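Here is how the chains run, residue by residue.
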Amino acid sequence: MREPEEVEAELVEISGIAEDENKMERIIAWCATHPDEIPLAIKFLMGTR
């Protein structure tokens, strides 16, 4: 697993995408590429990190 800061930076980048369709595609691609980091991403997005 990568450093939490790297995961956070990628998620912040994805959240900055304006178009919802593009954002959803990036989220799906990110989850498919990093399935072991999904729990960490959920904690980060829920603010319970």
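Residues numbered from 1 in each chain as written. Predicted model: local features only at pLDDT ≥ 70, side-chain atom pairs only at ≥ 80, totals over all residues. Heavy atoms only, no water.

**A few points about the overall build of the protein**
This is how the line gets drawn: Comment: elements are numbered from the N terminus, with helices defined as DSSP H or I runs of at least four residues and strands as E runs of at least two. Partly exposed residues are those whose accessible area sits between 20% and 50% of the maximum for their type, while under 20% is buried and over 50% is exposed, using a 1.4 Å probe and protein chains only. Only the protein chains shown count as covering a residue, and every accessible area follows the Shrake-Rupley method with a 1.4 Å probe.
The helix and strand tally for the protein stands at three helices and zero strands. When the helices and strands of the protein are read in sequence order from the N terminus, they spell out α-α-α. In terms of its C-alpha atoms, the protein occupies a principal-axis envelope of roughly 25 × 20 × 15 Å. Out of the 49 residues in the protein, the part that is buried amounts to 18%. In the form shown here, the protein has an accessible surface area of approximately 3,700 Å², with 59% of it arising from carbon and sulfur atoms.

**Describing the nonpolar core**
Most often, soluble globular proteins keep nonpolar side chains buried together rather than apart. Stated formally: We define the nonpolar core as a collection of buried residues of types Ala, Val, Leu, Ile, Met, Phe, Trp, Tyr and Cys that are connected through side-chain atoms lying within 4.5 Å of one another. Any two residues having at least one pair of non-hydrogen atoms within 4.5 Å are treated as being in contact.
Counting residues in each nonpolar core, the largest one holds six residues, listed as Val7, Leu11, Ile14, Trp30, Leu40 and Ala41. Elements that contribute at least two residues to this core include exactly α1 (4-15) and α3 (38-46). In terms of residue count, the dominant contributor to this core is α1 (three residues). Filtering out sequence-adjacent residues up to four positions away, leucine 40 remains in contact with Met1, Pro4 and Val7.

**Side note on the pattern of salt bridges**
Filter applied, for reference: Put simply, a salt bridge is a Lys or Arg side-chain nitrogen that is within 4 Å of an Asp or Glu carboxyl oxygen.
All told, the structure shown has three salt bridges when counted by the stated rule. Arginine 2 serves as the salt-bridge partner of glutamate 37, at 2.7 Å between the closest nitrogen and oxygen. Here the residue glutamate 37 occupies a position in the loop between α2 (20-33) and α3, and arginine 2 occupies one in the segment before α1, the gap between them amounting to 35 residues. Residue arginine 26 is joined to glutamate 13 by a salt bridge in which the shortest nitrogen-to-oxygen separation is 3.4 Å. Here arginine 26 is found in helix α2, whereas its partner glutamate 13 is found in helix α1, with 13 residues between them in sequence. In this structure arginine 26 comes out as partly exposed when scored by relative accessible area, which is 37%.

Limitation: the analysis is restricted to geometry and does not speak to function.
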